[in-house]
Amino acid sequence: LPDVNRFRSSLERFEIWKFPKLYAGQMSTLDNVLAKEIPSLMKILPMVEQQRQQAAEKESEAPVSSSNPFGPSQSTGSGVPWAVTAQMKVKYDNMFNELKLTSGGKLTGGNARDFMLKSCLPQETLGMIWELSDMDKDGCLDDEEFAVCVYLIEAIKSRAMSEVPTQLPTVLIPPSKR
């Protein structure tokens, strides 16, 4: 049997009478959350995880093209997958959101300049990348145009591309802009 006197002396230190009172309405709400809402959420979690795994499997099963995504486009239209993968887009979006954006959520040329110069590419190259990336020619980059810009910078720096293309290949045009 537990030592009742020891338990009583332990509780005396806590001044339980100073705790706020719990009301019947609060108790019934708490009981409902614990008895019904949390168990229903717990049933959903395995489905969410399964959907994530299925999405990851679909992405990993996507055929890898051995053709050069920077060469002349052989086909046109929205059936061509975007060269910027979902994983790259998340990375580029994080970079984009760390920069000073306009109230419309775009990156001005002046604010993009400092970011682009960090690449240490020649200014002439960066100018060509800007021209290709600013697809709507508004002097600003939205998140998709920025993704193309960073993709081109990384491709030139890694030597995946020997030079900036004169025209943006279809695979580099975001599907929403085709």
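Scroll up for the structure.
In this text, all values refer to a predicted model and were calculated from it rather than measured experimentally.

### Describing the overall build of the protein
Now for step 1: A tally of helices and strands in the protein yields six helices and two strands.
Now for step 2: Each helix and strand of the protein, ordered N terminal to C terminal, gives the series α-α-α-β-α-α-β-α.
Now for step 3: Counting the 178 residues in the protein, one finds 26% classified as buried.
Now for step 4: Contacts in the protein between residues at least 24 apart in sequence constitute 63% of all its contacts with a sequence separation of at least 6.
Now for step 5: As presented, the protein carries roughly 13,100 Å² of accessible surface, and 57% of it is formed by carbon and sulfur atoms.

### Here we look at a nonpolar patch on the surface
Now for step 1: Residues Leu22, Met27, Leu30, Leu34, Ile38 and Met42 make up a contiguous nonpolar surface patch of about 590 Å² in total accessible area.
Now for step 2: Relative to the elements of secondary structure, isoleucine 38 occurs in helix H2 (residues 24-61).
Now for step 3: Look at isoleucine 38 and you get partly exposed, because its relative accessible area is 38%.

### Details of the packing of aromatic side chains
Now for step 1: Evaluated as defined, the whole model comprises two aromatic pairs.
Now for step 2: Ring geometry for phenylalanine 115 and phenylalanine 146: centres 5.2 Å apart, planes at 50 degrees, overall tilted. With phenylalanine 115 in helix H4 (residues 109-117) and phenylalanine 146 in helix H6 (residues 143-157), the pair connects residues that are 31 residues apart, well separated along the chain. Exposure class is identical for phenylalanine 115 and phenylalanine 146. Each is buried.
Now for step 3: Cluster of aromatic residues (ring-pair linked, three or more members): Phe96, Phe115 and Phe146.

### Here's the deal with H4
Now for step 1: Taken together, the buried positions of H4 are occupied by Ala112, Phe115 and Met116. End-on, the buried residues of H4 take up no more than an arc of 95 degrees, which puts them together on one face. Away from its buried face, by an angle of more than 90 degrees, H4 presents the exposed residues Gly110 and Asp114.
Now for step 2: Considering only its buried residues, H4 is in contact with helix H3 (86-98), strand E1 (107-108), helix H5 (123-133) and H6.

### Looking at the nonpolar core
Now for step 1: Ranked by internal contacts, the top residues of the largest apolar core, which has 31 residues, are Met116, Ile129, Phe146, Leu152, Ile153 and Leu172.
Now for step 2: The greatest single-element share of this core, amounting to ten residues, is contributed by H6.

### Quick word on the side chain of glutamate 145
Now for step 1: The residue glutamate 145 is located in helix H6 in this model.
Now for step 2: No salt bridge forms around the buried glutamate 145; measuring N to O, its nearest opposite-charge neighbour lysine 177 is 4.2 Å away.
Now for step 3: Within polar-contact distance, the side chain of glutamate 145 engages the backbone nitrogen of methionine 135 at 3.1 Å.
Now for step 4: Those residues in contact with glutamate 145 that sit more than four places away from it in its chain are Ser133, Asp134, Met135, Asp136, Cys140 and Lys177.

### Focus: the packing of H3 against H6
Now for step 1: In the contact formed by H3 and H6, the axes pass within 9 Å of each other and the chain directions differ by 105 degrees. When the interaxial angle is binned, H3 and H6 end up roughly perpendicular. Across the interface between the two elements, Met88, Lys89, Lys91, Tyr92, Asp93, Met95 and Phe96 of H3 pack against Asp143, Glu144, Phe146, Ala147, Val150, Tyr151 and Glu154 of H6.
Now for step 2: Per-class residue counts for the contact of H3 with H6 are eight nonpolar, no polar and six charged.

Criteria and thresholds
- Residues numbered from 1 in each chain as written.
- Predicted model: local features only at pLDDT ≥ 70, side-chain atom pairs only at ≥ 80, totals over all residues.
- Heavy atoms only, no water.
- Helix = DSSP H or I, 4+ residues; strand = E, 2+ residues; numbered from the N terminus.
- Buried < 20%, exposed > 50% of the residue type's maximum accessible area, 1.4 Å probe, protein only.
- Contact = heavy atoms within 4.5 Å.
- Areas by Shrake-Rupley, 256 points an atom, 1.4 Å probe, with all protein chains shown as cover.
- Patch = residues over 30% accessible without salt bridge, like charges linked within 9 Å, V, L, I, M, F, W, Y side chains within 5 Å.
- Salt bridge = Lys/Arg side-chain N within 4 Å of Asp/Glu carboxyl O.
- Phe/Tyr/Trp six-rings, centres within 6.5 Å; stacked < 30°, edge-to-face > 60°.
- Arc of directions from axis to C-beta.
- Core = buried A, V, L, I, M, F, W, Y, C linked by side-chain atoms within 4.5 Å.
- Lys, Arg positive; Asp, Glu negative; His and termini not counted.
- Polar contact = N/O pair within 3.5 Å; in protein donor to acceptor, adjacent residues only side chain to side chain.
- Axes fitted to C-alpha atoms, helices over the stretch in contact; angles between N-to-C directions.
- Parallel < 35°, antiparallel > 145°, perpendicular 65-115°, else oblique.
- Nonpolar A, V, L, I, M, F, W, Y, C, P; charged D, E, K, R; others polar.

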